[in-house]
Amino acid sequence: MTISLFDMSLEDARARHKNLADEIRRHDALYYQKDTPELSDAAYDKMRRDLEALEADYPELAKSDSPTQTVGVAPSSGFKKVKHAVPMLSLSNVFAAEEVGDFIDRVRRFLGLPDDELVEMAAEPKIDGLSCSLRYENRELRLAATRGDGTEGEDITNNVRTMEDVPKTLPAEAPDVLEVRGEIYMRRDDFAQLNERQEAAGKPPFANPRNAAAGSVRQLNAEITKKRSLHFFGYALGEISQDFAETQWDIREKLKAWGFAEAEPARLCGTVEEIMDFYDSISTQRPGLDYEIDGVVYKVNRLDWQERLGFVSRAPRWATAHKFPAEQAVTVLNDIEIQVGRTGALTPVARLEPITVGGVVVSNATLHNQDEIERKGVKIGDHVVVQRAGDVIPQIVRVLEGKRTGRESIFIFPDKCPECGSLAIREEGEVVRRCTGGLVCPAQRVERLKHFVSRGAFDIEGLGEKVIALFWEKKLVDMPADIFRLAEKNKKREPPLQDWEGWGQKSADKLFQSIEDRRAISFDRFIYALGIRQVGQATAKRLAATYGTLEDLKAALTKAQDRESESFAELLAIEDIGPGVADELLGFFAEDHNLAVLAALEAELTIAFYEAPQVGDSPVAGKTVVFTGSLTSITRSEAKARAESLGAKVAGSVSKKTDYVVAGGDAGSKLKKAQDLGVTILSEQEWLTLVATP
Ligand code: IVH
C-alpha cells in the first residue's frame, strides 16, 4: 500500500511516525540485543525507507531520537567507556631464536624450575587485528569492549553482536562469568573488496586489514559493521567465576567446543627446537594464509604457572610474541628536518620519496639523533633501505652507497632550536641535543599539551593532537588548565568554535562535554599527564600508589629536594625509581613555572585518590614488606611480584615504616634490624599462608 503523504494531516503523520519508529526500535532490539530477528532484511529496510519518506515530507518529525538519526544503537556521541574487570595486557616481543631461549630461561628462573623440567609452550599465530574482550554472564554475551588503555576500553557490544563468529550464548557447562579475550580481524579478500567499494564511493581506502578492522568496529552505525565481515578468535581469558581448564591448550579446546574460533595452526612445543620448527613452518605458510599475521605467540601451557608468573607493567611474563622480520624497501631521502619534542629533544626526521613498505605508504622515517645520522653515513639525496615492523615508526636501515651520484649533501645538525632559536645543547654523555628554551619554546609547549590529552593521560575524546595543534595556533590554549576553560572562553570568542569550518554546534558541544567528563581524573593519569621526563605510565602508577594524593606527592618531593632526607630515601625505594628518574622528578617540582601549571590545574580538577587495582582485601595491601635471606619454595622475584600484585610495597631496607620482614634462611643484618625495631617478622611459610588466596 502506498500512502499519498500529503493526504495526511500532521496529526496523522505524527501517529504513523510513532508507530513506525516504535516498530523499528523493537526490531532493532530483537536484532542487536536479543539476536532473534523476526523480519527479513528486506522487510526491515522497507520500514526504514517509509520512515525516511515520511520525514522528508514532515521534517518536523525528524527529531534526534528518531531511528533515522540513530540506527540500531541508542543515540550516542561515541562509545561508552568501560572498565575492564581484569586489565587487558599487551605482549613482549622477541625476534631471534636465542631470545626465545632467553624467554624460556626467564620463566624457569622466575619459577625456580630445575633445568631438566619441561616447560611446555602453546604456540599459535599472532593475527594482526585489534584486541577485544567479550564478557558473558550466565552464558549470554553481555559486553564487548576494546582494549583502550588496558584498564578502560570502549563498549562496542552492538557492533560485535553483528559478527558471525562471536557466540551470543554459551552451553550450560560454561561458567557463570566468562571473559574471552581475543582479536577482531579482517580477512585479506574481504579487505580487498572493502577497499574496492571505498574507492568506488570516492572514499579513501584503508591502509591495511588491521586499520580496516579497527575502522569497521568503530562505526556508530552497527549496520555498517555488519557489512564489513569481521572475524574473531579467542586467545586468552579475563575474569572467570570458576576454573575450567588446567592448561592453555585446554582453554583452546573448551573455547572451540563452545563455538569460538581459534587461531590455526597451533602446536604444543616442549623445546626451543620444536618452537623454532613451528615458527619456520608458519613463516612458510604465511603468504598463503587468508589473514595477515605478524608473528607467532608462545604461551606457557600450565595455567598454575601462568598465574604465578603474573605480569610486569603491561605484559604477561608467561607469553611473548615472536615477530617476523620487518619488511623493507628502497627509496630516496629527499630531506632531513628537525622536530622538537615535549622535553626539548631535537629529533631528525627523514623526508622520503613516498614508497609502499609491507602494504603501507611511508614518507617519513626517524633518524633518532645526530650520532645515528653519522653512524649510518646518511646524506640528503641518498638511496636508502627503509623498514617497518608492525606499528613502529619506519626506520632507515642503511645507505646504498653504490647509487651515489656525487650530488648528495651532508646534513649539518643545528645547534639552535629551529622552533624558538634558543641554544640547543648536548650534554656530556648524552646522545640527545636539547633545546634549552623550556616552556618559552612553542614546540615544547604544544607537545606537552598533546601529551596531556594523550591516551594514557587525560584521553579526552575529540581532543587529539590535530585539534590541540589547531587550538594552539588559534591561541585558544596555552597551558593544560586552559583546556578546562575552553567552554567559557569560547563564549566570548569571535567567531566561536561552532562557527569554524568543519565544526558545528553538535561537535563543539560534544567536545566541551568530553572535557567536562574528564574534570575528575585518577591520580596516576594526572601524574603521567604532566609529561615529566622518564615518568611513564608504570612509574606514574607507582608514584600514585605510594603517595596517594597530589598534596602528599608535592610535600614529599619538596622535602626530598634535600638529598639527605628520609623523603629522598623513600623516593628511591620505589620500584623502578633510580637516581635518574628521581632527578627528573625533583627538577620538575623545583621549577616555578611547573608549580604554576599544577596550581592552575588543581583549581579546575578533582583528582581521585589512587587505589591500587586488584588488591581486594588482601591482608598485605598497602603494607611495606622486606624480603631477606634465601627463600626455598619460591624465588625472590616471584615473591616480590606477588606481593606487589596484592598491593604491597616491597622495600629494600628495613625502617620504622616496614610492616613485615619475611626472613628466609641465613637472614642477616636486616633481620637483626627488624628485631631491634620491633617489626613483625614472618617465616617464609607464614608469609605464604598470609598471601594465599582464599
Ligand atoms: S595472547 C595477555 N595470542 O597481540 C595478553 N595475543 O601485540 C595475551 N594478539 O594484545 C595475548 N594474536 O591483541 C595472544 N594468538 C594471539 C594473538 C595475540 C594477536 C594480539 C593481542 C595482544 C597483541 C600484542
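Up top you'll find the structure we're talking about.
Computed from a prediction, not measured in an experiment: that's the story for all the values here.

Procedures and definitions
Residues numbered from 1 in each chain as written. Predicted model: local features only at pLDDT ≥ 70, side-chain atom pairs only at ≥ 80, totals over all residues. Heavy atoms only, no water. Helix = DSSP H or I, 4+ residues; strand = E, 2+ residues; numbered from the N terminus. Rg over C-alpha atoms; globule rule 2.2 N^0.38 Å. Buried < 20%, exposed > 50% of the residue type's maximum accessible area, 1.4 Å probe, protein only. Pairing = 2+ DSSP bridges. Axes fitted to C-alpha atoms, helices over the stretch in contact; angles between N-to-C directions. Core = buried A, V, L, I, M, F, W, Y, C linked by side-chain atoms within 4.5 Å. Contact = heavy atoms within 4.5 Å. Phe/Tyr/Trp six-rings, centres within 6.5 Å; stacked < 30°, edge-to-face > 60°. Lys NZ or Arg CZ within 6 Å of the ring centre and 35° of its normal. Polar contact = N/O pair within 3.5 Å; in protein donor to acceptor, adjacent residues only side chain to side chain.

## Looking at the overall build of the protein chain
When helices and strands are tallied, the protein chain shows 26 helices and 26 strands. The globule rule puts the C-alpha radius of gyration for 694 residues at 26 Å, and the 29 Å found for the protein chain is close to it. The principal-axis extents of the C-alpha atoms in the protein chain amount to approximately 95 × 65 × 60 Å. In the protein chain, which comprises 694 residues, the proportion classed as buried is 47%.

## Section: the sheet that holds strand β23 (residues 624-628)
In space, the 4 strands of this open sheet follow the order β24-β23-β25-β26, with parallel pairing throughout. One side of each edge strand has no neighbouring strand; the edge strands of this open sheet are β24 (649-651) and β26 (680-683). Within the sheet, the average angular offset between the axes of one strand and its neighbour, ignoring direction, is 30 degrees. Note that strand β25 (residues 660-663) and β26 share 4 bridges and pair parallel. Opposite Ala663, over in β26, you have Ser683 as the bridge partner.

## Structural notes on the nonpolar core
With 58 residues, the main nonpolar core has Leu463, Phe471, Ile483, Leu543, Leu571 and Leu585 as its most contacted residues. Ranked by residue count, the leading element in this core is helix α22 (residues 579-590), at 6 residues. Each residue touching Leu571, except ones within four places of it in the same chain, is listed here: Leu543, Tyr547, Leu557, Ile577, Ala582, Leu585 and Leu586. One finds Phe110, Leu113, Tyr279 and Ala319 within the second-largest nonpolar core, a separate group that totals 33 residues.

## Remarks on the packing of aromatic side chains
Tallying each qualifying case throughout the model produces 13 aromatic pairs. Ring plane angle 70 degrees and centroid distance 5.4 Å describe the contact between Tyr185 and Tyr291, whose orientation is recorded as edge-to-face. Here Tyr185 is found in strand β7 (residues 177-186), whereas its partner Tyr291 is found in the loop between α10 (272-285) and β10 (293-300), with 106 residues between them in sequence. The class for Tyr291 is buried, based on a relative accessible area of 11%. Pairing Phe244 with Trp258 gives two aromatic rings, centres 5.0 Å apart and planes at 50 degrees, and the pair type is tilted. Residue Phe244 is located in the loop between β8 (230-240) and α9 (248-257), and its partner Trp258 is located in the loop between α9 and β9 (267-269); the two are separated by 14 residues in the primary sequence. As far as the burial class goes, Phe244 and Trp258 line up, both buried. One aromatic cluster in this structure is built from Tyr185, Phe233, Tyr235 and Tyr291. Above the plane of the ring of Trp249 lies Arg252, whose end atom (NZ or CZ) is 5.3 Å from the centre. Looking at Lys474, its charged tip hangs above the ring of Trp500, at a distance of 5.7 Å from the centre.

## Focus: the side chain of Arg519
Within the fold, Arg519 resides in the loop between α17 (505-517) and β21 (520-522). The class of Arg519 is buried, set by a relative accessible area of 19%. At 2.7 Å, the side chain of Arg519 forms a polar contact with the backbone oxygen of Phe484. Other than its neighbours up to four places away in sequence, Arg519 contacts Phe484, Glu604, Leu605 and Thr606.

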